[in-house]
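Fold and geometry: a report
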Amino acid sequence: MSCGGMWCRGELCRVGLRVKLPCLLGSWFMVLICCFQVNTLSKQLSSEFTDIMNEIWANEAVKSAVLISSKPGSFIAGADLDMIEACKTSQEVAQLSQEGQKMLEKIEQSPKPVVAAISGSCLGGGLELAIACHYRIATKEKKTVLATPEVLLGLLPGAGGTQRLPKMVGLPAAFDIMLTGRNIRADRAKKMGLVDQLVDPLGPGVKSPEARTIEYLEEVAIDFARGLANRTVSAKRSKGLMQKLTDYAMAVPFVRQQVYKTVENKVRKQTKGLYPAPLKIIETVKAGLDQGHDAGYLAESQNFGQLAVTKESKALLGLYRGQVYCKKNKFGTPQQEVKTLAVLGAGLMGAGIAQVSVDKGLKTILKDTAQQGLDRGQQQVFKGLNSKVKKKSLTSFERDSILSNLTGQLDYKGFEKADMVIEAVFEDINIKHKVLKEVEAVIPAHCVFASNTSALPISQIAAVSKRPEKVIGMHYFSPVDRMQLLEIITTDKTSQDTAASAVAVGLKQGKIVIVVKDGPGFYTTRCLGPMLAEVVRVLQEGTDPKKIDAISTAFGFPVGAATLIDEVGVDVATHVAEDLGKAFGERFGGGSIELFKLMVEKGFLGRKAGKGFYIYQEGVKNRSVNSGMDEILARFKLPAKPEVCTDEDIQMRLVTRFVNEAAMCLQEGILSSPVEGDIGAVFGLGFPPCLGGPFRYVDSYGAKQLVDKLRKYEAVYGSQFTPCQLLLDYANNPSKKFHQ
Amino acid sequence: GLPRSYRVFRGISSWSFFKLAGSLVNITSLLAVQPKSKKTLTKSGVKNIVVVEGVRIPFLQSGTSYADLMPHDLARAALQGLLNRTSVPREVVDYIVYGTVIQEVKTSNVAREAALGAGFSDKTPAHTVTMACISSNQAMTTGVGMIAAGQCDVVVAGGVELMSDVPIRHSRKMRKTMLTLNRAKTLGQKLSLLSKIRPDYFAPELPAVAEFSTSETMGHSADRLAAAFAVSRLEQDEYALRSHTLAKKAQDGGLLLDVVPFKVPGKDTVTKDNGIRPSSMEQMGKLKPAFVKPYGTVTAANSSFLTDGASAVLLMSEEKALAMGYKPKAYLRDFVYVSQDPKDQLLLGPTYATPKVLEKAGLTMADIDVFEFHEAFAGQILANLKAMDSDWFAQNYMGRKSKVGAPPLEKFNTWGGSLSLGHPFAATGCRLVMTTAHSLKKEGGQYGLVAACAAGGLPKCVLGP
């Protein structure tokens, strides 16, 4: 592309960029429209883009430019991750970052105004591109979100973001954006000063709503581009009083230092020093503000390079890709879409399942056996949705309209129209059998029966079914509206279509779905079993609950191990431990189950009873250790073995048993892939995300080293630590990795 | 110029537009004048229902001469005007239906209060209906239903709106405290309740800022609608100017026959609508967008303004009218109410209702001699015209094989419209019907079609012979 001559021919298409040319406004007044046709920033797009920028400056007729995307649903959703992963060294990545910085700097310094027209996701590098422009216009739609999710991938915004954001939205807001990576909706972005104008989405008109909205966005952007060029519009934002004050305060070095310190302390406390990215972000911002432009940009590219090669970043990236993998239905499209869902049992789980279903437009029947229980469940759904109204992510009208999808009832009326029934009744095989038989008498032939259980084998539940091919397990995690994982369990008899249907419903409910084979404890509960048994042993050896919590969270678990038992419920844990103990024998031993039983006897059931290892009181944040446990722990006290009782050893005892069991699930075919194993462990059980899941952890820690640890503990405690064959295979062959 | 009144309008526009926004209902009705040449729409077994006469008091910009009155005063004036004009014996009137949008709480059944004050018999029952901007259309079709069902022979229908005064309430917290206070028995209880009052309790609650379901104001919705149909600012200003120019011409030419003078207590007799102000494109072009700032296209000048006014019509079965020696002004032949998505198609009612009512009556666009559409916003009218003229829209959103076609402008709102004459929400429907009847008579036409959109939906009428 050389001069203006070519432009007169109209549209010019390159691989990643379409340039709509003469948008001639008056005589020789051109606004150039660059339209992205891809939604990731790649090397190729950058170079095409740089060429076009050069031409914008060279051509006198062009007075301003508009950047817009032709991909529906996204502006630019970030940098091309493959491009970063393909780099071998941190220098290479730093180089990439520098190229990005240069390209965006070029836009920023352009004498001709550049307007970013944003519809859909504007993430990472996309946001950095947008804030390098002189003006930003965004559509006020739910799909339009702005964010710098780099931190969630263990990275930092590496194309000038760390330098521009603080100047744009102020230091505190910039830290908030970059350190949390959270999504910012367009209206919020406008308030923060991240975008300059909003465009409301349009309804149907001369075109479909989506197409016309984009076109309108472009028209409005052209207007502003023209206005900026002939100076009828100013790109300077009028800052509010609060922001002026904040900016003023932040200009004082002392205040700035205090902010750095506060933020840094908060980050250290939250990350336990396990995640390097947030600290690097603070460091980079600091460099720019305290040492000037060049130092800031240099620090950004260097730190970006360093972060990209950390194992934390690779682990988080693995989880990101795993999530994408688990958001697809590998069983294909089910023959019959589920439109009406019935949930049995309006307890915590049942109501939670109902909530995530109605708000996706599924007609949902919530059935319980008692009015009181049903009321509680319906109130839970209302409360869950209403909290969204309070947070303004939903209007009260939308809440009411969503709730109209929910029918609460005590009988089986309307079940003849149900496409799927999910039972979440009490975890007792006899009750499950009773419900299954009752339901099968009233549902249509195509209806899927799903059981929400954390440990009862699905084939055992299906044993009384007239149509076992329609029976499947759907294991949700509590609280359902917040936990992202859904573990789906298929038996030998479950049909492909039933599986497809269950996965489709799970995905619709917004879940990350893993599909595993049936067996005692399936995958997640089974992995947790040995770890919790080890926790009990550690407790018996005299480590107090607070200490156990501290060392497990220091390893990266979001919830301490003792607290976890309280959360799950001691009675449930006892139940599961007994069942799994029967199924797997010695391997699930370790701590004494009698300890749990005594706790149950004393009413120390965990959080739900207000007492477990800790005392729980409404409104009291710092809970204290339950002194009633002293006597119980004393009764079951075991001698501690000093050779395996350092903090690190305790951590490793917990984790190696977890990992060994996960590997065994893969070995036995319960799991079909390490990816699902990692995703299930992290999103369902809180396995440290910085380690990327048990299989990623084996890869990074080294299978051999891990087996060595297991052998060490095996020597002390016996077969509970015997490494499984799969781990041994990987240990014997250093080139073998779960994730290539 | 575009003057004070517009400034007034803009000053309060943020909340005042609410009822305009929102209705899901649209109405179309078919009116016909004398069954001459073309086909007759008489249905066997169904009574013919006629409009004997209709009047309205002048429509005034709110805050002007009617500012100190109450809604029922306006309604009373319209009803009295109707009695005077028709000399109908009051005992003949079987029923009165009145429409209103923003209710004065003291006169919640404004139909009854106004009828009693206007000298109607206290034996004549009356009720009030509400359906946003088509409330008086609803009043008329309610009357039609009563006559068709054989319940009544003579019904008075109308509508009133007084935007100069709207109910502003105490906050919910304050109301709750005050109500509880009523029940408090001891001084101690009363004091303890009073001690709970905080400054924020005193914040008043204005009438809803927006459509309840979408929280969007009508003007904002109109701006989006105009954008969806790529209606430019220029087109809207041109259309608004046309409306004012035509209204002025009609007013000067004495064509607005439905207007009756109103002697306002303490003030001079009002004889003319006061919102008609033909301006220039240049002056209109200077206005800033009123809703979508700073780049929207809907301004104070191309929107209807806040108006006070009232109207009334006398409906009878044809048989009764002829027996009483009246010459009907029009026959109400058919009507249809439709409703659509309150968010994106709020103001598109006329597009949906027009083909429906035509098909129902067995007519085509070509049969219609007079079109009267309610002009909430110039952008909304132009969007509707574009939608009616779009095959794409007809196929994708209306489930039709092809477009119905836009009405020819030379037959369309030729005596001005809500943009220029004003739009007292609930009084507009009767004005549309009477304008159509008078216009048909003047032009020697046979069929007229009335369409209006309202928060929530849209009805249409056809006037026929």
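Cut-offs applied
Residues numbered from 1 in each chain as written. Chains lettered and ligands numbered in written order. Predicted model: local features only at pLDDT ≥ 70, side-chain atom pairs only at ≥ 80, totals over all residues. Heavy atoms only, no water. UniProt positions renumbered as here; feature names shortened; annotations may be inferred. Core = buried A, V, L, I, M, F, W, Y, C linked by side-chain atoms within 4.5 Å. Buried < 20%, exposed > 50% of the residue type's maximum accessible area, 1.4 Å probe, protein only. Contact = heavy atoms within 4.5 Å. Axes fitted to C-alpha atoms, helices over the stretch in contact; angles between N-to-C directions. Helix = DSSP H or I, 4+ residues; strand = E, 2+ residues; numbered from the N terminus. Parallel < 35°, antiparallel > 145°, perpendicular 65-115°, else oblique. Left-handed = near helix turned anticlockwise from the far one by under 90°. Phe/Tyr/Trp six-rings, centres within 6.5 Å; stacked < 30°, edge-to-face > 60°. Lys NZ or Arg CZ within 6 Å of the ring centre and 35° of its normal. Pairing = 2+ DSSP bridges. Expected span 1.5 Å × (residues − 1). pLDDT = per-residue confidence, 0-100. Salt bridge = Lys/Arg side-chain N within 4 Å of Asp/Glu carboxyl O. Patch = residues over 30% accessible without salt bridge, like charges linked within 9 Å, V, L, I, M, F, W, Y side chains within 5 Å. Areas by Shrake-Rupley, 256 points an atom, 1.4 Å probe, with all protein chains shown as cover. Lys, Arg positive; Asp, Glu negative; His and termini not counted. Charge placed at Lys NZ, Arg CZ, Asp CG, Glu CD. Buried area = accessible area lost by both parts, 1.4 Å probe. Polar contact = N/O pair within 3.5 Å; in protein donor to acceptor, adjacent residues only side chain to side chain. Nonpolar A, V, L, I, M, F, W, Y, C, P; charged D, E, K, R; others polar. Right-handed = clockwise from strand over helix to strand, strands pointing away.

In the annotation of an unreviewed UniProt entry, chain B is listed under the name Trifunctional enzyme subunit beta, mitochondrial and assigned to Bubo bubo. Under the heading Subunit (unreviewed entry), UniProt records this for chain B: "Heterotetramer of 2 alpha/HADHA and 2 beta/HADHB subunits; forms the mitochondrial trifunctional enzyme. Also purified as higher order heterooligomers including a 4 alpha/HADHA and 4 beta/HADHB heterooligomer which physiological significance remains unclear. The mitochondrial trifunctional enzyme interacts with MTLN. Interacts with RSAD2/viperin."

With an unreviewed UniProt entry as reference, chain A is termed Trifunctional enzyme subunit alpha, mitochondrial, source organism Bubo bubo. Annotation of chain A in UniProt includes, under Subcellular location (unreviewed entry), the sentence "Mitochondrion inner membrane". Chain A has a UniProt comment under Pathway (unreviewed entry) that states "Lipid metabolism; fatty acid beta-oxidation."

Counting residues in each nonpolar core, the largest one holds 101 residues, and the members touching the most others are Val421(A), Tyr523(A), Met599(A), Phe687(A) and Tyr697(A). Among all residues touching Tyr697(A), those that are not within four sequence positions of it are Phe555(A), Met652(A), Val655(A), Val659(A), Phe687(A), Leu691(A), Gly702(A) and Leu706(A). In terms of nonpolar packing, the next biggest core, distinct from the first, is built from 71 residues, Val115(A), Leu241(B), Val357(B) and Ala387(B) among them.

Residues and elements named next belong to chain A. Remark: helix 25 (residues 593-601) packs on helix 26 (residues 628-635), axes separated minimally by 10 Å, with the N-to-C direction vectors making an angle of 150 degrees. Taken together, the axis directions place helix 25 and helix 26 in an arrangement best described as roughly antiparallel. Our pair here, helix 25 against helix 26, has a crossing hand that is right-handed. Facing Leu-595, Leu-598 and Met-599 of helix 25, the residues of helix 26 in contact are Met-629, Ile-632, Leu-633 and Arg-635.

Residue and element names in this part refer to chain A. Taken as a whole, this structure holds 24 aromatic pairs over all chains when the rule is applied. Measuring from ring centre to ring centre gives 6.0 Å for Phe-557 and Phe-687, while their planes differ by 75 degrees; the resulting arrangement is edge-to-face. Residue Phe-557 is located in the loop between helix 22 (545-555) and helix 23 (561-568), and its partner Phe-687 is located in the loop between helix 28 (674-685) and helix 29 (694-701); the two are separated by 130 residues in the primary sequence. The class for Phe-557 is buried, based on a relative accessible area of 6%. Owing to a relative accessible area of 0%, Phe-687 belongs among the buried residues under this scheme. When the ring of Phe-687 is compared with that of Tyr-697, the centres are 6.4 Å apart and the planes differ by 65 degrees; the resulting orientation is edge-to-face. A residue pair is termed long-range when its members are at least 10 positions apart, and Phe-687 in the loop between helix 28 and helix 29 and Tyr-697 in helix 29 qualify at 10 residues. What makes Tyr-697 buried here is its relative accessible area of 4%. Aromatic rings pair up to connect Phe-555, Phe-557, Phe-658, Phe-687, Tyr-697 and Tyr-701 into one cluster. A cation over a ring is seen here: Lys-367 above Tyr-412, with NZ or CZ 4.7 Å from the ring centre.

Turning next to the pairing of strand 6 (residues 114-118) of chain A. All names here are of chain A. Judged by how many residues are buried, strand 6 sits mostly within the fold: 5 of 5 residues are covered. Residues Val-114, Ala-116 and Ile-118 of strand 6 are buried on one face, and the alternating residues Val-115 and Ala-117, pointing to the opposite face, are buried as well. As paired strands, strand 4 (residues 62-69) and strand 6 are joined by 3 bridges and run parallel to one another. If you follow Leu-67 over to strand 6, its bridge partner there is Ala-116.

Further remarks concern helix 13 (residues 293-308) of chain A. Residues and elements named next belong to chain A. Compared with an ideal rise of 1.5 Å per residue, which puts 16 residues at 22 Å, helix 13 spans 23 Å between its outermost C-alpha atoms and is within 8% of the ideal. The set of residues buried in helix 13 consists of Gly-296, Tyr-297, Ala-299, Glu-300, Ser-301, Asn-303, Phe-304, Gly-305, Leu-307 and Ala-308. Its buried side turned inward, helix 13 meets helix 3 (81-85), helix 4 (90-108), helix 6 (161-169), helix 12 (276-291) and helix 14 (311-325).

This brings us to the confidence of the model for chain B. A low pLDDT score tells you not to read the predicted coordinates there in detail. Residues and elements named next belong to chain B. The predicted model of chain B has a mean per-residue pLDDT of 86, with 87% of residues at 70 or higher. This stretch, residues 34-38, has a pLDDT under 50; its non-local contacts, to residues over four places away or in other chains, come to 12 contacts. Low pLDDT, under 50, characterises residues 456-465; the predicted model gives this stretch 111 contacts beyond four residues in sequence or across chains. The ipTM assigned to the predicted complex is 0.87, against a pTM of 0.88.

Moving on, we come to the sheet that holds strand 5 (residues 74-76) of chain A. Residue and element names in this part refer to chain A. Pairing within the open sheet is mixed, and its 4 strands lie in the order 5-7-9-10. In this open sheet, the two edge strands, each paired with only one partner strand, are strand 5 and strand 10 (184-185). Where strand 9 (residues 145-147) and strand 10 come together, 2 bridges link them in antiparallel fashion. Across the sheet, residue Leu-146 finds its bridge partner in strand 10, namely Ile-184. Packed onto the sheet, helix 5 (residues 125-132) meets strand 5, strand 7 (121-123) and strand 9 and runs at close to 90 degrees relative to strand 7.

With that settled, the discussion passes to the pattern of salt bridges. For the structure on display, the rule yields 62 salt bridges over all chains. With its nearest N and O atoms 2.8 Å apart, the salt bridge here joins Arg653(A) to Glu534(A). With Arg653(A) in helix 27 (residues 647-667) and Glu534(A) in helix 21 (residues 524-540), this residue pair connects regions lying 119 residues apart in the sequence. Glu534(A) carries the same exposure label as Arg653(A), and that label is buried. The salt bridge partner of Asp200(B) is Lys173(B), with a shortest N-O separation of 2.5 Å. Note that Asp200(B) is positioned in the loop between helix 6 (187-194) and helix 7 (218-228) and Lys173(B) in helix 5 (residues 172-183), a separation of 27 residues in sequence.

So, about the UniProt feature "domain: 3-hydroxyacyl-CoA dehydrogenase C-terminal" (unreviewed entry) in chain A. In the numbering used here, UniProt assigns the "domain: 3-hydroxyacyl-CoA dehydrogenase C-terminal" (unreviewed entry) feature to residues 521-616 of chain A. A distance of 28 Å separates the end C-alpha atoms of residues 521-616 of chain A, which is 62% helix and 2% strand.

All names here are of chain A. Reading across from one edge, 14-13-12-15-16-17-18-19 is the order of the 8 strands in this open sheet, with mixed pairing throughout. Two strands lie at the open edges of the sheet, namely strand 14 (406-409) and strand 19 (512-517), each paired on one side alone. Across this sheet, the average inter-strand angle for adjacent strands is 25 degrees, counted without regard to direction. Where strand 17 (residues 471-476) lies against strand 18 (residues 485-490), 4 bridges are found, and the strand directions are antiparallel. Directly across from His-475, in strand 18, lies its bridge partner Glu-487. Packed on one face of the sheet, helix 15 (residues 348-358) meets strand 12 (340-344), strand 13 (363-367), strand 14, strand 15 (420-423) and strand 17 and runs near 165 degrees to strand 13.

Taken together, the side chains of Lys140(A), Arg188(A), Lys191(A) and Lys392(A) present a region of like positive charge at the surface. Tracing the backbone shows Lys191(A) in helix 8 (residues 186-192).

Turning next to the interface of chain B and chain A. In this complex, chain B contributes 17 residues to the contact, which on the side of chain A involves 18 residues. Between chain B and chain A, the buried area comes to about 1,600 Å², and carbon and sulfur atoms account for 62% of it. At the boundary of chain B with chain A, the tally comes to 0 salt bridges. There are 6 residue pairs in polar contact (both at pLDDT 80 or more) connecting chain B and chain A. Elements that contribute at least two residues to the side of chain B that touches chain A include exactly helix 7 and helix 13 (391-397) of chain B. In terms of residue count, helix 7 of chain B provides more of the side of chain B that touches chain A than any other element does, 5 residues in total. Each residue belonging to the side of chain B that touches chain A can be placed in one class, and the counts come to 10 nonpolar, 3 polar and 4 charged.

Time to look at the environment of Ser62(B). All names here are of chain B. Of note, Ser-62 is situated in the loop between strand 3 (60-61) and helix 2 (71-86). A residue is classified by how much of its surface remains accessible, and Ser-62, at 11% relative accessible area, is buried. Here the alpha-carbon distance between Ser-62 and Asp-165, two residues 103 residues apart in the chain, equals 8.5 Å. Setting aside chain neighbours within four positions, we find Ser-62 in contact with Met-163, Ser-164, Leu-306, Thr-307 and Asp-308.

Below, the discussion takes up the packing of helix 22 of chain A against helix 23 of chain A. Residue and element names in this part refer to chain A. One can describe the packing of helix 22 onto helix 23 by two numbers: an axis separation of 6 Å at closest approach and a directional angle of 105 degrees. As judged from the angle between their axes, helix 22 and helix 23 are roughly perpendicular. Residues Pro-545, Ile-548, Asp-549 and Ser-552 of helix 22 form the contact with helix 23, whose own contacting residues are Ala-561, Ala-562 and Thr-563.

Our next topic: the UniProt feature "active site" (unreviewed entry) in chain A. Residue and element names in this part refer to chain A. As annotated in UniProt, the feature "active site" (unreviewed entry) corresponds to Glu-487 in the numbering used here. With respect to the helices and strands, Glu-487 occurs in strand 18. Ignoring sequence-local partners within four residues, the contact set of Glu-487 consists of Gly-473, Met-474, His-475, Phe-477, Ile-514, Val-516, Phe-522, Tyr-523 and Thr-524.

This part is about the pairing of strand 16 (residues 448-451) of chain A. Residues and elements named next belong to chain A. The two faces of strand 16 match: Val-448 and Ala-450 on one face and Phe-449 and Ser-451 on the other face are all buried. Two strands pair when backbone bridges link them, and strand 15 and strand 16 are joined in this way by 4 bridges, in the parallel orientation. Residue pairing for strand 16: Met-420 is matched across the bridge by Val-448. For the crossover that starts at strand 15, traverses helix 18 (residues 429-440) and ends in the parallel strand 16, the hand is right-handed. Pairing of strand 16 with strand 17, which is carried by 3 bridges, proceeds in the parallel orientation.

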